[in-house]
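Fold and geometry: a report
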Amino acid sequence: MEDLTLTTPAVLFSAISLIMLAYTNRFLAYASVIRDLHSKYKKNKDKVLIAQIKNIKQRLYLTRSMQIFGISSLLLCVLTMFLIYIQQQTMAIWVFGAALILLIISLALLIMEIQISVKALEHHISDIENN
């Protein structure tokens, strides 16, 4: 990859920004659910609520990791653009490669988080189906 131009990381820059917006929305939704579960747990210390709290806590930490890797990828994209600007092409290629790897990790964590979310919803569905 000899011709890395400013447009390549710039395209990824906009995609990562949209992904980060989605991650932030997930995080805010979890914060709301956690507050709701907390108030329910204070009223009724149910084992089902404890399981839900553990599940949402795991998802929250995964979302935090997704955000960290996504932000790091974004930061490296900006650094890549700067390196291209100051004509450090070889270094820019390596930094851009690292940005892509961080984005891959972030997306892999998203897949894990989605699987945990589906399991949580399956518990709610099974509860309804059992009644």
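As the structure is a prediction and not an experimental result, all values here were calculated from the model. Residue numbers restart at each chain and count upward from 1, following the sequence in its written direction. Since the coordinates come from a predicted model, pLDDT governs what is reported: local features require at least 70, and pairs of side-chain atoms require 80 or more to be given and counted, while whole-chain, interface and lining totals use all residues. Derived side-chain values reflect all non-hydrogen atoms in the structure, with water molecules and hydrogen atoms excluded from consideration.

Notes on the layout of surface pockets
Only protein atoms enter the 1 Å grid used here, on which a cavity is any set of points holding a 1.4 Å probe that cannot leave and a pocket is any open set flanked by protein within 12 Å on both sides along at least five of seven lines; residues with an atom within 4 Å of a point are listed as lining. Grid points are joined across faces, edges and corners, and a volume is the space filled by probe spheres set on the points. Each pocket or cavity is described by its volume, and for the largest pocket that value is around 480 Å³. What lines the largest pocket is a set of 19 residues, among which Gln52, Asn55, Ala120, His123 and His124 lie closest to the centre. Runs of H or I in DSSP of at least four residues are treated as helices and runs of E of at least two as strands, each being numbered from the N terminus. Among the elements of the structure, helix H1 (7-43), helix H2 (47-85) and helix H3 (89-130) are those that each provide at least two residues to the lining of the largest pocket. A per-element tally of the lining of the largest pocket places H3 first, with eight residues. Residue classes follow a fixed rule: Ala, Val, Leu, Ile, Met, Phe, Trp, Tyr, Cys and Pro count as nonpolar, while Asp, Glu, Lys and Arg count as charged, and any other residue, Gly among them, counts as polar. The residue inventory of the lining of the largest pocket, partitioned by class, reads eight nonpolar, six polar and five charged.

Considerations on unusual backbone geometry
Excluding glycine, residues mostly have negative phi values, and the peptide bonds linking residues are mostly trans. The phi dihedral of Gln87 is positive, around 65°, even though this residue is not glycine. Structurally, Gln87 can be placed in the loop between H2 and H3. Gln87 gets classed as exposed once you look at its relative accessible area, which sits at 69%. Exposure is judged per residue with a 1.4 Å probe applied to protein chains only, and the accessible area is read against the type maximum: over 50% gives exposed, under 20% gives buried, and values in between give partly exposed.

Regarding the pattern of salt bridges
Think of a salt bridge as a Lys or Arg side-chain nitrogen and an Asp or Glu carboxyl oxygen that are within 4 Å of each other. Summed over all chains, the structure comprises three salt bridges. Of the charged contacts, one joins Lys40 and Asp36 as a salt bridge, the two residues approaching to 3.4 Å between their closest N and O atoms. Note that Lys40 and Asp36 are positioned in helix H1 at a spacing of four residues, about one turn of the helix. A network of salt bridges, in which partner residues are shared, links Arg26, Arg59 and Glu113.

Looking at the side chain of Glu113
Secondary-structure assignment places Glu113 in helix H3. What makes Glu113 buried here is its relative accessible area of 0%. Polar contact is the term for a pair of N or O atoms within 3.5 Å; when the atoms are in protein, one must be able to donate a hydrogen and the other to accept it, and sequence-neighboring residues count only if both atoms are side-chain atoms. A distance of 2.5 Å separates the side chain of Glu113 from the side chain of Arg26, its partner in a polar contact. With residues near it in sequence (within four places) discarded, Glu113 still touches Arg26, Tyr30, Arg59, Leu62, Thr63 and Met66. The contact rule is simple, with two residues in contact once any of their heavy atoms fall within 4.5 Å.

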